[in-house]
Amino acid sequence: MINSKKSGTIAIVGKPNVGKSTLLNAIGNKKIAITSYKPQTTRNQIKSNFSNDKLDLMIIDTPGFHFARNKLDLFLNSEIKRTFKICDLVLFLIDPTRPIDDEDLEIIKFIKSYKIEKIVLVITKSDVVSQGSINNHMSKIEQSITPIAKMAISAKSGQLQQLLDCIYCCLDEGANSVERINENDNFTICEIIREQIILSCKKEIPYSTGVIVTKTNYDESKNIFNIFANIIVEKKSQKPIIIGKNGLMIKKIGTEARKQLLELYDCKINLKLFVKVDENWRNDQIVLKTLGYSNK
């Protein structure tokens, strides 16, 4: 094998909850994207650079495709399409614990429409299913597309090197250098807060919320990073749920988010959360743009 370094832009795609964000975090060996068992956890392209002695990659985690019901949903699907336009290789993730369905087929339709030739079919969660189930899912997908490579992995079982070796073999030599990502503090902070809302609240509440950082400042004399953020909800009835009895829910969200932020910033964290009502924000283009959920 030629040992020259290869570079490329890698898109991780798949329907909700197939393990896209978990895989991105595992490759980067750090928390890059928030994860949960609930759909719509990832709402934007999450970009991360990865480099070793053989690879120089920009890896993009995309929102899980789902059928659009509002402008937010349309934005999530547009993030997938936008990624297809710039990627050199697609990692198409399939969860073998769930049947192949219309969402998987719609992603295949997208892939075909952008004439993407380099597709690696990745069966996730291989540690919890039989080889027969893995083979069955691979066979069904291959009825619609022909991947350049295929493999089954578990991001929790140390098989990532095999995937990186596969990516290396699939990329062309002499590719252009990849984009360097400048981490956006406000985006990271919002995502960490939103993750705690997802983990702490039940039913429809997580999908009806957005987070906006309204102000930040660093007090050098006290080594404190002050963060002020609004949690946006759709209905007046949702506001007391986020706040909780005697303020216990919002306190829990803030406490857990602060723990995550302390791992990222080498200083004390003063996090102040407020709850605001903005009815039908998921269909309001101006609000969506403020929240970062718009390409316009």
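Scroll up to find the structure this text is about.
On a predicted model such as this, the values are computed, not experimentally measured, just so you know.

## Considerations on the pattern of salt bridges
- Applying the stated criterion to the full structure yields nine salt bridges.
- Across the pair Lys 15 and Asp 101 runs a salt bridge, and its minimum N-O distance is 3.1 Å. Here Lys 15, found in the loop between strand 1 (6-13) and helix 1 (20-28), pairs with Asp 101, found in the loop between strand 4 (89-94) and helix 3 (102-113); they are 86 residues apart in sequence, far enough to count as distant.
- Given the relative accessible area of 27%, Asp 101 is considered partly exposed.
- Lys 125 serves as the salt-bridge partner of Asp 95, at 2.9 Å between the closest nitrogen and oxygen.

## Focus on the sheet that holds strand 1
- The six strands are arranged 2-3-1-4-5-6 in an open sheet whose pairing can be described as mixed. Single-partner strands in this sheet number two, and they are strand 2 (46-51) and strand 6 (149-152). Each strand of the sheet is rotated relative to its neighbour by a mean of 20 degrees, with strand direction disregarded.
- As judged from the four bridges shared by strand 1 and strand 4, these two strands associate in the parallel manner. Note that in strand 4 the partner of Ile 10 across the bridge is Leu 89.
- Its contacts with the sheet put helix 4 (residues 131-141) on strand 4, strand 5 (119-123) and strand 6, and the angle it makes with strand 5 is roughly 150 degrees.
- Against the sheet, helix 5 (residues 160-170) makes contact with strand 1, strand 2, strand 3 (55-61), strand 4, strand 5 and strand 6, and its axis sits at roughly 175 degrees relative to strand 6, the strand it touches most.

## What about the sheet that holds strand 8 (residues 224-233)?
- If you walk across this open sheet you meet the three strands as 7-8-9, and the pairing is mixed. Edge positions in the sheet fall to strand 7 (210-219) and strand 9 (268-277), since each has one partner strand and no second. Going across the sheet, the axis of each strand differs from the next one's by a mean of 15 degrees, ignoring polarity.
- Two strands pair when backbone bridges link them, and strand 8 and strand 9 are joined in this way by 10 bridges, in the parallel orientation. Along strand 9, the bridge assignment pairs Ile 232 with Lys 276.
- Helix 6 (residues 185-200) contacts strand 7, strand 8 and strand 9 of the sheet and is inclined by roughly 125 degrees relative to strand 7.

## Let's talk about the pairing of strand 8
- Counting buried positions along strand 8 yields eight of 10 residues, so the element is predominantly enclosed.
- For strand 7 and strand 8, the ladder comprises nine bridges, and the chain directions are antiparallel. For Val 213, the partnering residue across the bridge sits in strand 8 and is Ala 229.
- Between strand 7 and strand 8, which follow one another and run antiparallel, lie four residues, and Asn 223 among them has a positive phi close to 55 degrees.

## Focus on the environment of Pro 147
- In this structure, Pro 147 sits in the loop between helix 4 and strand 6.
- On the basis of relative accessibility, which here comes to 11%, the residue Pro 147 falls in the buried class.

## Comments concerning the packing of aromatic side chains
- This model, assessed by the stated rule, comprises zero aromatic pairs.
- Looking at Lys 54, its charged tip hangs above the ring of Tyr 168, at a distance of 4.4 Å from the centre.

## Considerations on the side chain of Asn 226
- Structurally, Asn 226 can be placed in strand 8.
- For Asn 226, the side chain forms a polar contact with the side chain of Asn 270, separated by 2.9 Å.
- Those residues in contact with Asn 226, other than ones at most four positions away along the chain, are Lys 215, Thr 216, Asn 217, Asp 219 and Asn 270.

## Things to note about helix 6
- With 16 residues, helix 6 should reach 22 Å at 1.5 Å per residue; the first-to-last C-alpha distance of 23 Å fits that figure.
- Ile 189, Cys 190, Glu 191, Ile 192, Ile 193, Arg 194, Glu 195, Gln 196, Ile 197, Ile 198 and Ser 200 are the residues of helix 6 that are buried.
- On the buried face of helix 6, the contacting elements are strand 2, strand 7, strand 8, helix 7 (239-243), helix 8 (248-264) and strand 9.

## Section: the environment of Cys 166
- Counting through the fold element by element, Cys 166 comes out in helix 5.
- Separated by 15 residues in sequence, Cys 166 and Met 151 have C-alpha atoms that sit 8.8 Å apart.
- Not counting chain neighbours up to four residues away, the residues in contact with Cys 166 comprise Val 120, Ala 149 and Met 151.

## Thoughts on the packing of helix 6 against helix 8
- Close contact between helix 6 and helix 8 brings their axes to 9 Å; oriented N to C, the two are set at 135 degrees. As the angle between them shows, helix 6 and helix 8 are arranged oblique. Of the two elements, helix 6 crosses helix 8, and the hand of that crossing is right-handed. Facing helix 6, whose interface residues are Thr 188, Ile 189, Ile 192, Ile 193, Gln 196, Ile 197 and Ser 200, helix 8 presents Met 249, Lys 252, Ile 253, Glu 256, Ala 257, Gln 260, Leu 261 and Leu 264.
- Of the residues contributing to the contact of helix 6 with helix 8, the split by class is nine nonpolar, four polar and two charged.

## A closer look at the pairing of strand 1
- In terms of residue burial, strand 1 counts as a mostly covered element, since eight of its eight residues are buried.
- Here strand 1 shows a buried face lined by Lys 6, Gly 8, Ile 10 and Ile 12 and a second buried face lined by Ser 7, Thr 9, Ala 11 and Val 13.

Reading the values: the criteria
- Numbers given for residues are sequential positions, taken from 1 along each chain in its written order.
- Where totals are concerned, whole chains, interfaces and linings use all residues; where local detail is concerned, this predicted model gives features only for residues with pLDDT of at least 70, and gives and counts side-chain atom pairs only at 80 or more.
- Only heavy atoms go into the side-chain values, all of them from the structure, while hydrogens and water stay out.
- Throughout this description, the term salt bridge denotes a Lys or Arg side-chain nitrogen within 4 Å of a carboxyl oxygen of Asp or Glu.
- A helix here means a DSSP run of H or I that spans at least four residues, while a strand means a run of E at least two residues long, and both kinds are numbered starting from the N terminus.
- Per-residue accessibility, obtained with a 1.4 Å probe over protein chains only, is compared with the maximum for each type, and a residue is labelled buried under 20%, exposed over 50%, and partly exposed between these values.
- Two strands qualify as a pair provided that DSSP identifies no fewer than 2 bridges between them.
- Comment: axis = line fitted to C-alpha atoms, over the contacting stretch for helices; angle = value between 0 and 180 degrees taken between N-to-C directions.
- Contacts were defined at the residue level, with two residues in contact if any of their heavy atoms lie within 4.5 Å.
- Side-chain rings of Phe, Tyr and Trp (the six-membered ring for Trp) are treated as a pair once their centres are within 6.5 Å; stacked means planes under 30 degrees apart, edge-to-face means over 60, and tilted covers the remaining angles.
- Here, a charge over a ring is recorded when the distance from Lys NZ or Arg CZ to the ring centre is within 6 Å and its angle to the ring normal is within 35 degrees.
- Two N or O atoms count as a polar contact when they lie within 3.5 Å, although within protein this holds only if one can serve as hydrogen donor and the other as acceptor, and sequence-adjacent residues are included solely when both atoms are side-chain atoms.
- A helix is expected to span 1.5 Å for every residue after the first.
- For this classification, under 35 degrees means roughly parallel, over 145 means roughly antiparallel, 65 to 115 means roughly perpendicular, and everything else is oblique.
- With the far helix as reference, a near helix turned anticlockwise by less than a right angle produces a left-handed crossing, and one turned clockwise produces a right-handed crossing.
- Following the grouping adopted for this structure description, the nonpolar residues are Ala, Val, Leu, Ile, Met, Phe, Trp, Tyr, Cys and Pro, the charged ones are Asp, Glu, Lys and Arg, and the polar ones are all others, Gly among them.

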